[in-house]
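Residue strings, one per chain:
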Amino acid sequence: MNWQELLKNLENGTLRAANQDENGNWHANVEVKKGILDVFKNGTNTEFPGGFVDKDNLAVRGFSAQEGVRMVPGGTSVRPGAYVASGTVIMPPAYVNIGAYIDTGTMVDSHALVGSCAQIGKNVHLSAAVQIGGVLEPVGASPVVIEDDAFIGAGCVIVEGVVVKKGAVLAPGVRLSATIPVYDCVNERVLEKGEPIPANAIVIPGSRPSSSEWGREQGLSMSCALIVKYRDEQSDASLELEEALR
C-alpha cells in the first residue's frame with residue numbers, strides 16, 4: 001500500500017493505527033505507523049496560505065456538510081490521515097493529528113489536542129484544554145485510547161499509551177502517564193504499571209508523599225490519581241463527578 005492509499009483508508013476509518021483484540025486489549029498497528037512515517041518522508045516543505053509551512057502532502061483537511069462533522073470556525077486543524085466520524089463536534093481552537101481516530105457522537109472542546117494515532121471512542125467528551133498525547137515512534141508503542149462513553153474533564157493530560165476504559169470519568173486536572181500511579185480507593189489496590197483505567201471508574205487528582213526521605217522531611221508530595229467511586233451504567237457522568245468531588 002502506498003502512502004496515498006494509507007491516508008485515504010485512515011480517513012475513511014477502514015484502517016486504524018491501533019486495534020482491539022478479542023480480550024479487549026489494544027495493540028499498535030505497526031505497519032500503519034510505519035506508513036505514516038513514510039508520508040512525512042515523501043513530503044516536501046511548502047508554504048501554505050497564512051504563512052504556514054508543512055509537508056506538501058499534509059494540507060489541512062476540510063469537511064462537507066454531507067459528512068456530518070460540525071467543525072466550528074476559529075482556528076481548528078484536522079490533519080490528513082485522521083478519521084472523524086459523522087456526529088462529531090469540534091470546537092475552536094482544537095487540533096487533531098495524523099492517524100487519530102474519533103468515533104461518532106464525540107465532542108472535542110476548545111484548546112483540546114488529539115495526538116497522532118490516538119483512538120477516541122463513541123460519545124466521548126473531551127473537555128476544554130484536554131491533551132491526548134500522540135505517539136508515532138517507536139512504531140510498536142501503543143497510542144492513548146479513550147473508549148466509548150468516557151468523560152474527560154477540563155485540563156486533563158493523558159499520555160504514554162494510557163488506556164481509559166468505557167464509561168470512565170476523569171475529573172478536571174487529572175494527569176495520567178506510564179509513571180503516575182493510580183490508587184483504587186474502592187478496591188484498596190494500586191493499579192499495575194500499564195493497567196488501563198477501569199470501566200466506569202471516577203478518577204480525581206491526588207497526591208502522595210515524596211519517595212525520598214529528604215522530600216518527606218520537607219513535606220513534599222508527588223502527583224497521583226485516585227479512583228474514588230465506580231458509576232453504574234445508568235448514572236449520569238456529570239452528577240457522579242460532582243458528588244465525588246464534594
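Please refer to the structure higher up on the page.
An account of the accompanying structure is given in this report. Within each chain, residues carry numbers counting from 1 in the order of the written sequence. pLDDT decides what is reported in this predicted model: residues at 70 or higher carry local features, side-chain atom pairs at 80 or more are listed and counted, and totals for whole chains, interfaces and linings draw on all residues regardless. By convention in this description, side-chain values take in all heavy atoms of the structure and omit both hydrogens and water.

## Some words on unusual backbone geometry
Moving on, step 1. That bond from Pro92 to Pro93 is cis: its omega, -15°, falls within 30 degrees of zero.
Moving on, step 2. Per the convention used, a helix needs a DSSP run of H or I reaching at least four residues, while a strand needs a run of E reaching at least two, with both numbered from the N terminus. Along the polypeptide, Pro93 turns up in the loop between strand 8 (89-90) and strand 9 (95-96).
Moving on, step 3. Phi is positive for His111, which is not a glycine, with a value near 65°.
Moving on, step 4. Looking at the secondary structure, you find His111 in the loop between strand 11 (107-108) and strand 12 (113-114).
Moving on, step 5. Residue classification places His111 among the exposed residues on the basis of a relative accessible area of 52%.
Moving on, step 6. Unlike most non-glycine residues, Glu188 shows phi in positive territory, near 55°. Here's how the labels work: a residue is buried when its accessible area is under 20% of the maximum for its type, exposed when over 50%, partly exposed in between, all with a 1.4 Å probe on protein chains only.

## Overview of the sheet that holds strand 16 (residues 145-146)
Moving on, step 1. Here five strands make up an open sheet; going across it, the order is 7-10-13-16-19 and the pairing parallel. Two strands bound the open sheet, and with one partner strand each, they are strand 7 (83-84) and strand 19 (163-164).
Moving on, step 2. One requirement defines pairing of two strands: DSSP has to find at least two bridges between them. With two bridges joining them, strand 10 (residues 101-102) and strand 13 (residues 119-120) adopt parallel strand pairing. Opposite Tyr101, over in strand 13, you have Gln119 as the bridge partner.

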